Amino acid sequence: IYLGRMILNNETAKQTAALLLQLNAIQVQPQTPFTWASGWKSPRYCDNRITLSFPPIRNYLKEQISNQILDIYGKPDVIAGVATGAIGMGALVADALNLPFCYVRPEAKKHGRQNKIEGYIKANQSVVVVEDLISTGKSSLLAVDALRESKLKVKGMVAIFTYGFAIAEENFKNYEVDLHTLSDYKHLLSQVENTGYISSSEVDLLTRWREDPGNWNPKAIPVK
């Protein structure tokens, strides 16, 4: 049953966004935007892998994800990480829950055993997927496809951060995959505005980007 996306804890959402900003895991550059692989121009870039280099922060994220999994799904048989960004965090979560771990490649290896899923799995096992970042959800849902093809029962997915794009919510709904995240774009904007990280006019620009990222123009709003 598809349950939809939900932020369970407002304090966790704010704290996660604050920590990501603190580490520069989330970089905000409205006037010098990044270019994504899709060709979209983005005023921000998110690299949650940097959190693995800071034990207190990675432990915080590990504990929050582990708690969400237990609270929402109960204890699954396996934790799966999506390669490559969520391999590290997925393994930490599996260790915290004392569960087996596997990770899912975007495509099968070209050599050797040509595995798409690395790790020991069995048909009919229940699995929760750990992801670091949700944009459109395409790569995350390809991992779900691979797990389902191997006859695993995907209970849902927990991610560190989501942009909250409508296309992602639609994709997860179509796949009937339950998605939960620690934080999201709304809480990020609140943090950057409250801390004075960027100006209010830049916050407006960031808001407009999320509404239509494919056609976003960094020069549409003059930044003072």
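Residues numbered from 1 in each chain as written. Predicted model: local features only at pLDDT ≥ 70, side-chain atom pairs only at ≥ 80, totals over all residues. Heavy atoms only, no water.

S.K.: Quick question: what am I supposed to make of the overall build of the chain here?
M.R.: What the chain contains, in helices and strands, is seven helices and ten strands. For 224 residues, the compact-globule estimate of 2.2 N^0.38 gives 17 Å, and the chain sits close to it at 18 Å. For the chain, the spread of C-alpha atoms along the principal axes amounts to about 55 × 35 × 35 Å. For the chain, the proportion of its 224 residues judged to be buried stands at 47%. With an accessible surface of roughly 11100 Å², the chain has 47% of that area assigned to carbon and sulfur atoms. Taking the average place of the 25 positive charges on the side chains of the chain and the average place of its 22 negative ones, the gap between the two points comes to 5 Å. (Helix = DSSP H or I, 4+ residues; strand = E, 2+ residues; numbered from the N terminus. Rg over C-alpha atoms; globule rule 2.2 N^0.38 Å. Buried < 20%, exposed > 50% of the residue type's maximum accessible area, 1.4 Å probe, protein only. Areas by Shrake-Rupley, 256 points an atom, 1.4 Å probe, with all protein chains shown as cover. Lys, Arg positive; Asp, Glu negative; His and termini not counted. Charge placed at Lys NZ, Arg CZ, Asp CG, Glu CD.)

S.K.: How do you make sense of unusual backbone geometry when you look at a structure like this?
M.R.: Leaving glycine out, the prevailing phi sign among residues is negative, and the prevailing peptide bond configuration is trans. In this chain, alanine 83 is followed by threonine 84 through a cis amide linkage whose omega measures -5 degrees. Here threonine 84 is to be found in the loop between strand S5 (78-82) and helix H3 (87-96). Backbone geometry places asparagine 98, a non-glycine residue, at a positive phi of 55 degrees. Turning to its location among the elements, asparagine 98 is positioned in the loop between H3 and strand S6 (101-104). Residue asparagine 98 is classed as exposed on the basis of its relative accessible area, which comes to 66%.

S.K.: What am I meant to see in the pattern of salt bridges here?
M.R.: Between side chains of opposite charge, a pair can form as their charged atoms come close. Applying the stated rule across the entire model yields four salt bridges. Notably, a salt bridge pairs glutamate 118 with arginine 105, separated by 3.1 Å at the nearest N-O pair. Taken as a pair, glutamate 118 in strand S7 (residues 117-118) and arginine 105 in the loop between S6 and S7 lie far apart in primary sequence, 13 residues in all. Looking at glutamate 118, the relative accessible area reads 16%, which means it is buried. Arginine 105 sits in the partly exposed class, given a relative accessible area of 23%. (Salt bridge = Lys/Arg side-chain N within 4 Å of Asp/Glu carboxyl O.)

S.K.: Could you clarify how one ought to interpret the packing of helix H2 (residues 55-73) against H3 in this entry?
M.R.: Working note: a packed helix pair is described by the angle between its axes plus the distance between those axes. Packing of H2 against H3 leaves a shortest axis separation of 9 Å and a crossing angle of 60 degrees. Here H2 and H3 pass one another in a crossing that is right-handed. Only Met89, Leu92, Val93 and Ala96 of H3 make contact with H2, whose side of the interface consists of Arg58, Leu61, Lys62, Ile65, Ser66 and Ile69. Residues of the contact of H2 with H3, tallied by class, amount to seven nonpolar, one polar and two charged. (Axes fitted to C-alpha atoms, helices over the stretch in contact; angles between N-to-C directions. Left-handed = near helix turned anticlockwise from the far one by under 90°. Contact = heavy atoms within 4.5 Å. Nonpolar A, V, L, I, M, F, W, Y, C, P; charged D, E, K, R; others polar.)

S.K.: Would you take a moment to explain the sheet that holds strand S8 (residues 126-134) for this structure?
M.R.: Note: strands within a sheet are paired through backbone hydrogen bonds, in either parallel or antiparallel orientation. Sheet architecture is open: six strands sit in the order S7-S6-S5-S8-S9-S10, paired in mixed fashion. Each edge of the sheet is formed by a strand with only one pairing partner; in this case those strands are S7 and strand S10 (179-184). Lying on the sheet, H2 is in contact with S5, S8, strand S9 (153-162) and S10; it crosses S9 at an angle near 145 degrees. Those strands touched by helix H4 (residues 138-149) are S5, S6, S7, S8 and S9, and its axis lies near 165 degrees from that of S8. (Pairing = 2+ DSSP bridges.)

S.K.: Looking at this structure, I do not really get the nonpolar core. What am I missing?
M.R.: In a soluble, globular protein the nonpolar side chains are often hidden away together inside. Counting 61 residues, the largest nonpolar core has Ile65, Ile69, Ile79, Leu147 and Phe161 as its most contacted members. Those residues in contact with isoleucine 65 that sit more than four places away from it in its chain are Met89, Val93, Val130, Val158, Ile160 and Leu182. (Core = buried A, V, L, I, M, F, W, Y, C linked by side-chain atoms within 4.5 Å.)

S.K.: In this structure, what is going on with helix H7 (residues 200-211)? I would like to understand it.
M.R.: Because each turn of an α-helix spans 3.6 residues, side chains separated by three or four positions end up pointing in the same direction. The end-to-end C-alpha separation of H7 is 17 Å, in line with the 16 Å expected for twelve residues at 1.5 Å each. Those residues of H7 not exposed but buried are Ser201, Glu202, Val203, Leu205, Leu206 and Trp209. Check the buried side of H7 and you find it contacts strand S1 (26-28), strand S3 (41-42), strand S4 (44-46) and helix H6 (185-194). (Expected span 1.5 Å × (residues − 1).)

S.K.: Help me out: how do you make sense of the environment of proline 55 in this one?
M.R.: Mapping proline 55 onto the fold places it in helix H2. For proline 55, a relative accessible area of 38% translates into the label partly exposed.

S.K.: I keep staring at the pairing of S9 and nothing clicks. Help me out?
M.R.: The side chains of a regular strand alternate between both faces of the sheet. Counting buried positions along S9 gives eight out of ten residues, so the element sits mostly inside the fold. Across eight bridges, S8 lies against S9 in parallel orientation. In the sheet register, glutamate 131 faces S9, and the bridge partner there is alanine 159. Between the parallel pair S8 and S9, the chain is carried across by H4, and the sense of this crossover is right-handed. (Right-handed = clockwise from strand over helix to strand, strands pointing away.)

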